[in-house]
Amino acid sequence: MCTISRPNRRTTLALLLGASALPLAPRAARAKATAIDLPPPGPRDTCPVCGMFVARYPDWVATIQFADGEAVHFDGAKDFFKFLHDPGKYATGRTREQITGMGVSDYYEVALVDAREAVYAVGSDVLGPMGHEFVPLASDADATDFMADHKGQRLLRFDEVTPDLPFKLDEGAFE
């Protein structure tokens, strides 16, 4: 026999008070990053930077799509940024000007968002497939929560990621 327990008064009151406060909650300073529709990696797609099979790490996938429709996938935002700062090194003949779409997997929703709109946390207790990683977050509010929950050391916008920083992350440096 299955019994269903009713919430006690304290639980009911807390739920009602919490729901009534929602309209009063401050709005985030910045909207969430836009979801982006890019091709997913196939089971044999490898990261052009490190050679790992990308589909094995669905929580960390990042993707760049080019004007000719080709997409390259990465096992994390760190390799995504390494590629982005020097595409010709990893894909002969490719340039940034050929890129038509860039997505990174939002940490909380595990869905691709526009890489240019995401906020990136570094120096946290969350590690990616290859160690220290840029952790993409879809909003400032998510970034604030993440930093508090995971002891992050620094937040960055897309344009603040310098060409040397992804390599510094490999060494455990976050500046």
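Before going into details, it helps to say that this report is about the structure given with it. Since the model is a prediction, treat every value here as computed from it, not as a measurement. Sequence positions are assigned chain by chain, starting from 1 and proceeding in written order. In keeping with the predicted nature of the model, local features appear solely for residues at pLDDT of at least 70, side-chain atom pairs appear and are counted solely at 80 or more, and the whole-chain, interface and lining totals rest on all residues. By convention in this description, side-chain values take in all heavy atoms of the structure and omit both hydrogens and water.

Two rings from Phe, Tyr or Trp (for Trp, the six-membered ring) form a pair when their centres are within 6.5 Å of each other. A pair whose planes differ by under 30 degrees is stacked, one over 60 is edge-to-face, and the rest are tilted. Tallied over the entire structure, the rule returns 11 aromatic pairs. Their ring planes at 85° and their centres at 6.0 Å tell us that Phe74 and Phe80 sit as a pair that is edge-to-face. Across the pair, exposure class does not vary: Phe74 and Phe80 are buried alike. An angle of 45° between the planes, with centres 5.7 Å apart, marks the rings of Phe81 and Phe158 as tilted. Here the residue Phe81 occupies a position in helix H2 (residues 77-85), and Phe158 occupies one in the loop between strand E7 (154-157) and helix H5 (165-170), the gap between them amounting to 77 residues. Partly exposed residues are those whose accessible area sits between 20% and 50% of the maximum for their type, while under 20% is buried and over 50% is exposed, using a 1.4 Å probe and protein chains only. A helix here means a DSSP run of H or I that spans at least four residues, while a strand means a run of E at least two residues long, and both kinds are numbered starting from the N terminus.

With that settled, consider H2. Among the 9 residues that make up H2, 8 are buried, leaving the element largely enclosed by the rest of the structure. Taken as a whole, H2 has its buried residues at Ala77, Lys78, Asp79, Phe80, Phe81, Lys82, Phe83 and Leu84.

Glancing now at unusual backbone geometry. Even without glycine at this site, Val110 takes up a positive phi of about 50°. Within the secondary structure, Val110 is located in the loop between strand E3 (99-105) and strand E4 (112-114). In this structure Val110 comes out as partly exposed when scored by relative accessible area, which is 39%.

Moving on, we get to the side chain of Ser139. Topologically, Ser139 is positioned in the loop between strand E6 (135-137) and helix H4 (140-150). Any two residues whose heavy atoms approach within 4.5 Å at even a single point are treated as in contact. Once you skip the residues sitting within four places of it in the chain, Ser139 turns out to touch Lys32 and Val119.

With respect to the secondary-structure elements, Ser105 resides in strand E3. Given a relative accessible area of 6%, Ser105 falls into the buried group. A polar atom in the side chain of Ser105 sits 2.7 Å from the backbone oxygen of Val61. Ignoring sequence-local partners within four residues, the contact set of Ser105 consists of Pro58, Asp59, Trp60, Val61, Ala111, Leu112 and Pro136. Polar contacts, as counted here, are pairs of nitrogen or oxygen atoms within 3.5 Å of one another; within protein the pair requires one atom able to donate a hydrogen and one able to accept it, and residues that are adjacent in sequence qualify only if both atoms are side-chain atoms.

Pairs may arise between side chains of opposite charge once their charged atoms sit close together. The term salt bridge refers to a pairing of a side-chain nitrogen on Lys or Arg with a carboxyl oxygen on Asp or Glu at a separation within 4 Å. Scanning the entire structure with this criterion turns up 11 salt bridges. Across the pair Lys32 and Asp142 runs a salt bridge, and its minimum N-O distance is 3.2 Å. Taken together, the positions of Lys32 in the loop between helix H1 (9-21) and strand E1 (62-66) and Asp142 in helix H4 put the pair 110 residues apart, joining distant regions of the chain. A relative accessible area of 47% places Lys32 in the partly exposed class. By relative accessible area, which is 13% here, Asp142 ends up buried. Connected through shared salt-bridge partners, Lys78, Asp79, Lys82 and Asp170 make up one network.

The next thing to look at is the nonpolar core. Here, the term nonpolar core denotes a set of buried Ala, Val, Leu, Ile, Met, Phe, Trp, Tyr and Cys residues that are joined through side-chain atoms within 4.5 Å. In terms of nonpolar packing, the biggest core is built from 32 residues, with Ile64, Phe80, Phe81, Val104, Tyr120 and Phe134 touching the most fellow members. Among the elements of the structure, E1, strand E2 (71-74), H2, E3, strand E5 (119-122) and H5 are those that each provide at least two residues to this core. In terms of residue count, the dominant contributor to this core is H2 (5 residues). Within the second largest apolar cluster, 9 residues are counted, among which are Trp60, Val126, Leu137 and Met147.

The next thing to look at is the environment of Phe81. The exposure class of Phe81 is buried, given its relative accessible area of 0%. For the pair formed by Phe81 and Val161, sequence separation is 80 residues and the distance between their alpha carbons is 7.8 Å. The contacts of Phe81, once residues within four sequence positions are left out, are Tyr120, Phe134, Phe158, Val161 and Pro166.

Interpretation note: all reported values are geometric properties and have no functional meaning in isolation.
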